[in-house]
Amino acid sequence: MSSEARFVGLDAGRDGNEAWVRPTGEVWKMDAGEAGMTRAAETLSELHPQLVVMQANGNFELPMAGILVTFGLPVALVQPRNVRDFARAIGRSSRTEQRQAGLLAQFAELVQPDATPLPEEQVEELRQLKGRRLEIIQMMSAERSRATTALPALEKEIQ
């Protein structure tokens, strides 16, 4: 693995997430939802980026940022206006000229904003909540499986 610094622009949306890595130019799309976000965080962890930049729209990036932080990745949430001003400054005011993730990666590489700090206590709390949620999902899945083979008298109790 190269020791070259990597900067990631991550565009989180309702239909999925797109990551763009600079300076390598790697691009990939992930499904929306927790499974897609977790896979994205795992992949990004393997890259060891210097910074992951996301636009702070107040919607889909917040759960993604939470997952990235639990993986120990440095995340910067930047204001949309700063990204628009940056795009204009480099002559790329059209969103169709470069995908948003690419623009965010370039912003990360050239501007290098500070990672959004999150106290270790909150990170640990997020990790524990994530773990507990996974345990509950697994228990629910086991109970659904059990309900299909249970006696009718027990089926209602299981549900």
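What this report covers is the structure whose coordinates are included nearby.

The rules behind these values
- Residues numbered from 1 in each chain as written.
- Predicted model: local features only at pLDDT ≥ 70, side-chain atom pairs only at ≥ 80, totals over all residues.
- Heavy atoms only, no water.
- Helix = DSSP H or I, 4+ residues; strand = E, 2+ residues; numbered from the N terminus.
- Rg over C-alpha atoms; globule rule 2.2 N^0.38 Å.
- Buried < 20%, exposed > 50% of the residue type's maximum accessible area, 1.4 Å probe, protein only.
- Contact = heavy atoms within 4.5 Å.
- Areas by Shrake-Rupley, 256 points an atom, 1.4 Å probe, with all protein chains shown as cover.
- Pairing = 2+ DSSP bridges.
- Salt bridge = Lys/Arg side-chain N within 4 Å of Asp/Glu carboxyl O.
- Patch = residues over 30% accessible without salt bridge, like charges linked within 9 Å, V, L, I, M, F, W, Y side chains within 5 Å.

A few points about the overall build of the protein chain
Phase 1 of the analysis: Helix and strand counts for the protein chain come out as six helices and five strands.
Phase 2 of the analysis: Across the protein chain, helices and strands are ordered from the amino to the carboxyl terminus as β-β-β-α-β-α-β-α-α-α-α.
Phase 3 of the analysis: Taken over the C-alpha trace, the protein chain has a radius of gyration of 19 Å; the compact-globule value for 159 residues is 15 Å, which it surpasses by more than 25%.
Phase 4 of the analysis: Referenced to the eigenvectors of the C-alpha coordinate spread, the extents of the protein chain come out at roughly 70 × 35 × 30 Å.
Phase 5 of the analysis: Split into buried and exposed, the 159 residues of the protein chain put 36% on the buried side.
Phase 6 of the analysis: Considering only intrachain contacts with a sequence separation of at least 6, the fraction spanning at least 24 residues in the protein chain is 54%.
Phase 7 of the analysis: When the accessible surface of the protein chain is summed, it comes to about 9,800 Å², and 51% of that surface belongs to carbon and sulfur atoms.

Some details on the pairing of strand S1 (residues 7–13)
Phase 1 of the analysis: Within S1, five of the seven residues are buried, which leaves it mostly tucked inside the rest of the structure.
Phase 2 of the analysis: Linking S1 back to strand S2 (residues 16–22) in an antiparallel pair, the connection comprises two residues.
Phase 3 of the analysis: With three bridges joining them, S1 and strand S4 (residues 51–55) adopt parallel strand pairing. Bridged to Val8 within S4 is Val52.

Focus on the pattern of salt bridges
Phase 1 of the analysis: Under the defined criterion, the tally for this structure stands at seven salt bridges.
Phase 2 of the analysis: Among the ionic pairs, Arg22 bridges to Glu109, the shortest N-O distance being 2.5 Å. Taken together, the positions of Arg22 in strand S2 and Glu109 in helix H4 (residues 100–111) put the pair 87 residues apart, joining distant regions of the chain.
Phase 3 of the analysis: A salt bridge links Asp85 to Arg81; the shortest N-O distance between them is 3.8 Å. Of the two residues, Asp85 and Arg81 are both situated in helix H3 (residues 80–89); the distance of four residues between them amounts to about one turn of the helix.
Phase 4 of the analysis: Classification of Asp85 as partly exposed rests on a relative accessible area of 33%.
Phase 5 of the analysis: In this structure Arg81 comes out as exposed when scored by relative accessible area, which is 57%.
Phase 6 of the analysis: Here the salt bridges share partners, and the residues they tie into one network are Glu18, Lys29 and Arg99.

A closer look at the side chain of Glu61
Phase 1 of the analysis: Note that Glu61 resides in helix H2 (residues 61–70).
Phase 2 of the analysis: Dropping the residues within four chain positions of it, Glu61 is found in contact with Ala12, Met54, Gln55, Ala56 and Leu77.

Some words on a nonpolar patch on the surface
Phase 1 of the analysis: A surface patch of nonpolar side chains, amounting to about 260 Å² of accessible area, comprises Ile136, Met139 and Met140.
Phase 2 of the analysis: Relative to the helices and strands, Met139 resides in helix H5 (residues 120–149).
Phase 3 of the analysis: Judged by relative accessible area, Met139 falls into the partly exposed class, the value being 47%.

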